[in-house]
Amino acid sequence: AVVSTQSTGERLAKIRETEEKNRARDQLLEQVEPKDVLDYGMIPELAGRIPILTTLNSLTKQDLMVIAKDKERGVISQLTELLSLNNCDLEFTEDALASIAELA
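Owing to the predicted nature of the structure, the values given are computational and were not obtained by experimental measurement. (Residues numbered from 1 in each chain as written. Predicted model: local features only at pLDDT ≥ 70, side-chain atom pairs only at ≥ 80, totals over all residues. Heavy atoms only, no water.)

## What about the overall build of the chain?
Point 1. When helices and strands are counted, the chain shows six helices and zero strands.
Point 2. Listing each helix as α and each strand as β along the chain from the N terminus yields α-α-α-α-α-α.
Point 3. Computed over C-alpha atoms, the radius of gyration of the chain comes to 20 Å, more than 25% over the 13 Å expected from 2.2 N^0.38 for 104 residues, which places it beyond the range of a compact globule.
Point 4. Referenced to the eigenvectors of the C-alpha coordinate spread, the extents of the chain come out at roughly 55 × 40 × 20 Å.
Point 5. Scored against the burial criterion, the 104 residues of the chain give a buried share of 12%.
Point 6. In the chain, the share of contacts with a sequence separation of at least 24, taken over all contacts with a separation of at least 6, comes to 49%.
Point 7. Carbon and sulfur atoms form 57% of the exposed surface of the chain, whose accessible area is close to 9000 Å².
Point 8. Mean positive and mean negative side-chain charge positions of the chain (12 and 19 charges, respectively) differ by 3 Å. (Helix = DSSP H or I, 4+ residues; strand = E, 2+ residues; numbered from the N terminus. Rg over C-alpha atoms; globule rule 2.2 N^0.38 Å. Buried < 20%, exposed > 50% of the residue type's maximum accessible area, 1.4 Å probe, protein only. Contact = heavy atoms within 4.5 Å. Areas by Shrake-Rupley, 256 points an atom, 1.4 Å probe, with all protein chains shown as cover. Lys, Arg positive; Asp, Glu negative; His and termini not counted. Charge placed at Lys NZ, Arg CZ, Asp CG, Glu CD.)

Below, the structure is given as structure tokens:
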């Protein structure tokens, strides 16, 4: 088990606060225009060669768990396969994966 000095309520409050900050940042980034990129300091020659601006949304805890557990390309399956070459077994419980995703 992961040892923590925070109570469950404190951890949940921190997670909610982080998710709210991520949502606010994502919404702000969706409004970026080419002029903003130039104002930020990108040289016009480079900005002119990148005609499309796009943003990526922050990953949630559930997104991270899906990525980790993907059977073919997931980090867990890759590590399991790599360690099996040395006759080592690697297993993660759902709680362990949830804790790792929380920290990420």
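## Notes on the pattern of salt bridges
A side chain of one charge can pair with a side chain of the opposite charge when the charged atoms of the two come close.
Point 1. Using the criterion set out here, one finds five salt bridges in the structure.
Point 2. For Asp39, the salt bridge goes to Lys35, with nearest N and O atoms at 2.7 Å. One end of the pair, Asp39, and the other, Lys35, are both in helix α2 (residues 34–40), four residues apart, so they sit about a helical turn from each other.
Point 3. In this structure, the salt-bridge partner of Arg73 is Asp70, at a minimum N-O distance of 3.9 Å.
Point 4. Look at Asp70 and you get partly exposed, because its relative accessible area is 28%. (Salt bridge = Lys/Arg side-chain N within 4 Å of Asp/Glu carboxyl O.)

## As for unusual backbone geometry
Point 1. With a phi angle near 60 degrees, Asn87 is a residue other than glycine that sits in the positive phi range.
Point 2. Within the secondary structure layout, Asn87 lies in the loop between α5 (75–84) and α6 (94–103).
Point 3. Overall, the relative accessible area of 74% leaves Asn87 in the exposed class.

## Things to note about the nonpolar core
Generally speaking, nonpolar side chains in soluble globular proteins are found buried as a group.
Point 1. Judged by nonpolar contacts, Met65, Ala68, Ile76, Leu97, Ala98 and Ala101 together constitute the single largest core of six residues.
Point 2. Going through the elements one at a time, α4 (61–69) and α6 are the ones with two or more residues in this core.
Point 3. Top contributing element to this core by residue count: α6, with three residues.
Point 4. Once residues lying within four places of it in the same chain are set aside, the contact partners of Met65 are Glu94, Leu97, Ala98 and Ala101. (Core = buried A, V, L, I, M, F, W, Y, C linked by side-chain atoms within 4.5 Å.)

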